[in-house]
Each structure stands twice: as C-alpha cells, then as structure tokens.
Amino acid sequence: MELLRAALSGLLLGLFFQRLGLPGGVVVGAMLGTGLHQLLLPPAPTPRGLDLLVQLLAGVLVGLSFRRELLSPRLLPYAVLAALAFLLLAVALALLFARALGQEPKALLFALAPGGITGMGPLSQAEGGSAALVGVFHTLRVFLLFLLVPLLARLLR
C-alpha cells in the first residue's frame, strides 16, 4: 500500500509540474513527490528489479534519439573531452568534500559523477557505496539543472 501511495505522490506531482510548464516538470515533480512521501510518511520499499526495468527503458528511449549525424568524427572527441573534464571535476570534489562530509571519497565519487540517478545509484551500491547518498546528490543536481539550464540557455541566445 505504501508503494502505491508513494508512486501516486510522484505521478501526481510530476503531472502537476508538467501542467505548470516547469522545466523538466515531469521528472522533477515525480522525484519531489515520491521523495516527500518517503520523508513525511512511512517509507515505501523499492520493488526488486524496478531499477533494472527503468534503466532498460531509459536506455531504449535514449537509443531511439540517436542519429547518424550525432556520431560524426568531429563531434565525438568533444563529447569524450567533456565527459573526462566532468569526471576529473567529480574526483576533485569527492576528495575535497570527503573530510567535510565524513564520507568516503569513493561514495562521493558516485554521488558527484556526471551520470544519471538510475545508473549511478545501483553502480555505487555494487561497488560498496551508498545508493541513498547518490540519490540525494543526483536528485538535487537534476532538480537544479532542470530549472537552471533552460534559463541559462535562454541567456546564451
């Protein structure tokens, strides 16, 4: 029953945020609605295998958006360079924040890495890190980025 309530909280707030036209409203609202349920009411368990299903569906959705022109030899080196730059920044921040937050740098690396919540959480857990810590960092990152990136993009025009 808690799982149903948590899911409905996420679905309703996601749809509400979408209706308001907020940037990334569906994702941000769903995360916020479910997260608030987990914080304010008896927490729902995560169904076994749901993370795998979500990752598969996200992979399919992203794969459907691929186009030949995006895989050009001119573009790919910049994509690799950007990924490595963000990864180096994540390593530096993990080392810097570890002592202040009382966390292992390894756990913070997954929380700060430029990946998605659905990928980094389970990967962190598999490597002995904290999926919950990753979830908090990535949820806040996504929430802020979904709100700020569209605004910044409008300024760059």
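Each value, and the rule that gives it
- Residues numbered from 1 in each chain as written.
- Predicted model: local features only at pLDDT ≥ 70, side-chain atom pairs only at ≥ 80, totals over all residues.
- Heavy atoms only, no water.
- Helix = DSSP H or I, 4+ residues; strand = E, 2+ residues; numbered from the N terminus.
- Buried < 20%, exposed > 50% of the residue type's maximum accessible area, 1.4 Å probe, protein only.
- Contact = heavy atoms within 4.5 Å.
- Areas by Shrake-Rupley, 256 points an atom, 1.4 Å probe, with all protein chains shown as cover.
- Lys, Arg positive; Asp, Glu negative; His and termini not counted.
- Charge placed at Lys NZ, Arg CZ, Asp CG, Glu CD.
- 1 Å grid on protein atoms, 1.4 Å probe; cavity = no way out; pocket = protein on both sides within 12 Å on 5 of 7 lines; lining within 4 Å.
- Points joined across faces, edges and corners; volume = space filled by probe spheres on them.
- Nonpolar A, V, L, I, M, F, W, Y, C, P; charged D, E, K, R; others polar.
- Axes fitted to C-alpha atoms, helices over the stretch in contact; angles between N-to-C directions.
- Left-handed = near helix turned anticlockwise from the far one by under 90°.
- Phe/Tyr/Trp six-rings, centres within 6.5 Å; stacked < 30°, edge-to-face > 60°.
- Polar contact = N/O pair within 3.5 Å; in protein donor to acceptor, adjacent residues only side chain to side chain.

Some details on the overall build of the chain
Argument step 1. Helix and strand counts for the chain stand at seven helices and zero strands.
Argument step 2. Secondary structure elements of the chain occur, N-terminal to C-terminal, as α-α-α-α-α-α-α.
Argument step 3. Expressed as lengths along the three principal axes of its C-alpha atoms, the size of the chain is roughly 50 × 40 × 30 Å.
Argument step 4. Classification of the 157 residues of the chain by burial places 19% in the buried group.
Argument step 5. Put simply, of all contacts in the chain between residues at least 6 apart along the chain, 48% involve residues at least 24 apart.
Argument step 6. Accessible surface computed for the chain: about 11,300 Å², of which carbon and sulfur atoms make up 74%.
Argument step 7. Between the centroid of the 11 positive side chains of the chain and the centroid of its 5 negative side chains there is a distance of 12 Å.

Observations concerning the layout of surface pockets
Argument step 1. Reported here for the second largest pocket is a volume of approximately 400 Å³.
Argument step 2. Forming the walls of the second largest pocket are 16 residues, and the residues nearest its centre are Phe86, Leu112, Ala113, Pro114 and Arg141.
Argument step 3. Of all elements in the fold, only helix H4 (76–101), helix H5 (105–112) and helix H7 (131–155) reach the threshold of two or more residues within the lining of the second largest pocket.
Argument step 4. Across the lining of the second largest pocket, the residue classes break down as 13 nonpolar, two polar and one charged.

Overview of the packing of H5 against H7
Argument step 1. For the pair H5 and H7, interaxial distance at closest approach is 8 Å and the crossing angle is 35 degrees. Handedness of the H5/H7 crossing: right-handed. Counting all contacts with H5, which are made through Ala107, Leu108, Phe110, Ala111 and Leu112, the residues of H7 involved are Leu133, Val134, Phe137 and His138.

Some thoughts on the packing of aromatic side chains
Argument step 1. According to the stated counting rule, one finds one aromatic pair in the structure shown.
Argument step 2. Between Phe16 and Phe17 the ring centres are 6.4 Å apart and the planes differ by 50 degrees, which places this aromatic pair in the tilted class.
Argument step 3. For Phe16, a relative accessible area of 45% corresponds to the partly exposed category.
Argument step 4. On the basis of relative accessibility, which here comes to 13%, the residue Phe17 falls in the buried class.

Here we look at the side chain of Ser124
Argument step 1. Mapped onto the fold, Ser124 is located in helix H6 (residues 117–126).
Argument step 2. Here the side chain of Ser124 touches Ser130 through a polar contact of 3.2 Å, landing on its backbone nitrogen.
Argument step 3. Setting aside chain neighbours within four positions, we find Ser124 in contact with Phe110, Gly129, Ser130, Ala131 and Val134.

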